[in-house]
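# Breakdown of the fold
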Amino acid sequence: MQHFWGEYGFPHGSLYGECSLLSSFGAMFPTKTKEFFDYGVTGQIGKLFRMQAEYLAVSDAFQEPAVGPDRIDGAYDKMIQRAGGIDMPLRLLSPYQGFDLETYERCVSNVRDNYPGWLEE
């Protein structure tokens, strides 16, 4: 049996043995996500927890301009995919609402301005 953890739980799961990462932000930060995962696999727990703190800060910075309106997870997922280089439309089918391009651009700018090197160009 293999346990899969998100970014919040993966370091803790790694303390107890082999586990996998089910990343919410992997499409946006593929290189950093691989580094994060590798720290867990190789037992570099100190580096793993330090990177987790930065990883969560960057993901929070990305979402910060979009906080407020009620949106389903898919609206955020589309922005994450688009920031990762996939030409993903931001619209959702009714009755759901996606984010507009202006909000998306603020989210991306927030990461570029405050966490250089996290978004791959």
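See above for the structure.
Presented here is an overview of the structure given in this document. If you're wondering where the values come from, they're calculated on a predicted model, not measured in any experiment. Throughout this document, residue positions are counted from 1 along each chain, in the order its sequence is written. Restriction of local features to residues with pLDDT of at least 70 applies here, the model being predicted, together with a cutoff of 80 or more for giving and counting side-chain atom pairs; totals for whole chains, interfaces and linings are based on all residues. In computing side-chain values, all of the structure's heavy atoms are included and hydrogens and water are not.

## Re the environment of G6
Using the following cut-off: A run of H or I in DSSP becomes a helix once it reaches four residues, and a run of E becomes a strand once it reaches two; helices and strands are each numbered from the N terminus. Only protein chains enter the calculation, and the probe is 1.4 Å; a residue is then buried if its accessible area is under 20% of its type maximum, exposed if over 50%, and partly exposed in between. In what follows, residue pairs with any heavy atoms lying within 4.5 Å of each other are defined as contacts.
If you trace the backbone, G6 turns up in the loop between β1 (4-5) and α1 (10-14). Take G6: its relative accessible area is 29%, and that puts it in the partly exposed class. Linking G6 and Y104, residues 98 residues apart in sequence, is a C-alpha distance of 23 Å. Setting aside residues up to four positions removed in sequence, G6 forms contacts with L21 and L22.

## Topic: unusual backbone geometry
The omega torsion across S94 and P95 is 15°, close enough to zero to call that bond cis. With respect to the helices, strands and loops of the structure, P95 is situated in the loop between α4 (73-83) and α5 (101-114).

## Things to note about the pattern of salt bridges
Applied cut-off: Salt bridges are defined as contacts in which a side-chain nitrogen from Lys or Arg sits within 4 Å of a carboxyl oxygen from Asp or Glu.
Tallying each qualifying case throughout the model produces 2 salt bridges. Of the charged contacts in the structure, one is a salt bridge between D38 and K34, with a shortest N-O distance of 2.9 Å. Of this pair, D38 and K34 both sit in helix α2 (residues 30-41), 4 residues apart, which is roughly one turn of that helix. Residue classification places D38 among the partly exposed positions, given a relative accessible area of 28%. Residue E102 is joined to R106 by a salt bridge in which the shortest nitrogen-to-oxygen separation is 3.2 Å. You can see E102 and its partner R106 sitting in helix α5, 4 residues apart, about one turn around the helix. A relative accessible area of 55% means that E102 is categorised as exposed.

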